[in-house]
Amino acid sequence: MQQGRQDLADEELAQVKVMEQYLPQQMTPEALEAALRDIIAEVGATSGKDMGKVMGVATKRLAGQAEGRAISAKVKELLG
């Protein structure tokens, strides 16, 4: 609070708390990994070459539950 306006900061933070109530619940890293392991097995992926197949299913199935870049990073890790 460089300008010394804690009152404005508090108001903004209160608004964020209200908005967060309406956002979809995000998956935990453990739940994301478990879901991706299931998807990898389902599509028969065995290497990084199969990333597109996994991502196609994962982004649709996990929409609103995990960010795309988190899904991508975990798929790379699991197939790597």
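Keep in mind the model is a prediction, meaning the values are calculated, not measured.

Engineer: Help me out: how do you make sense of the overall build of the protein in this one?
Structural biologist: In terms of regular secondary structure, the protein is built from four helices and zero strands. Put simply, the protein runs from its N terminus to its C terminus through helices and strands in the order α-α-α-α. What you see for the protein is a C-alpha radius of gyration of 18 Å, clearly larger than the 12 Å of a compact globule of 80 residues, by over 25%. Over its C-alpha atoms, taken along the principal directions, the protein stretches across nearly 55 × 25 × 20 Å. Across the 80 residues in the protein, those meeting the buried criterion constitute 24%. Partitioning the intrachain contacts of the protein with sequence separation of at least 6 by distance along the chain shows that 60% fall at a separation of at least 24. With the model as given, the accessible surface of the protein reaches about 6,000 Å², and the carbon-plus-sulfur share is 54%. Once the 10 positive and 12 negative side-chain charges of the protein are each reduced to a mean point, those two points are 10 Å apart.

Engineer: What exactly am I supposed to notice about the environment of Gly68 here?
Structural biologist: Note on placement: Gly68 falls in helix H4 (residues 68–79). Residue classification places Gly68 among the partly exposed positions, given a relative accessible area of 42%.

Engineer: For this particular structure, what's the right way to read the side chain of Asp50?
Structural biologist: Relative to the helices and strands, Asp50 resides in the loop between helix H2 (29–43) and helix H3 (51–61). Note on Asp50: relative accessible area 13%, which makes it buried. Among all residues touching Asp50, those that are not within four sequence positions of it are Gly44, Ala45 and Leu79.

About the criteria used
- Here, residues in each chain are numbered from 1, in the same order as that chain's written sequence.
- Where totals are concerned, whole chains, interfaces and linings use all residues; where local detail is concerned, this predicted model gives features only for residues with pLDDT of at least 70, and gives and counts side-chain atom pairs only at 80 or more.
- Hydrogens and water are ignored here; the side-chain numbers use all heavy atoms of the structure.
- What counts as a helix is a DSSP run of H or I of at least four residues, what counts as a strand is a run of E of at least two, and both are numbered from the N terminus.
- Two things to know: the radius of gyration comes from C-alpha atoms, and the globule rule equals 2.2 Å times the number of residues to the power 0.38.
- Each residue is placed in one exposure class: buried if its accessible area under a 1.4 Å probe, protein chains only, is under 20% of its type's maximum, exposed if it is over 50%, and partly exposed if it falls in between.
- Any pair of residues with heavy atoms lying within 4.5 Å of one another is described as a contacting pair.
- To be clear on the numbers: accessible area is Shrake-Rupley with a 1.4 Å probe, and residue cover counts the displayed protein chains and nothing else.
- Just so you know, the count uses Lys and Arg for positive and Asp and Glu for negative, and it drops His and the chain ends.
- Lysine's charge is taken at NZ, arginine's at CZ, aspartate's at CG and glutamate's at CD.

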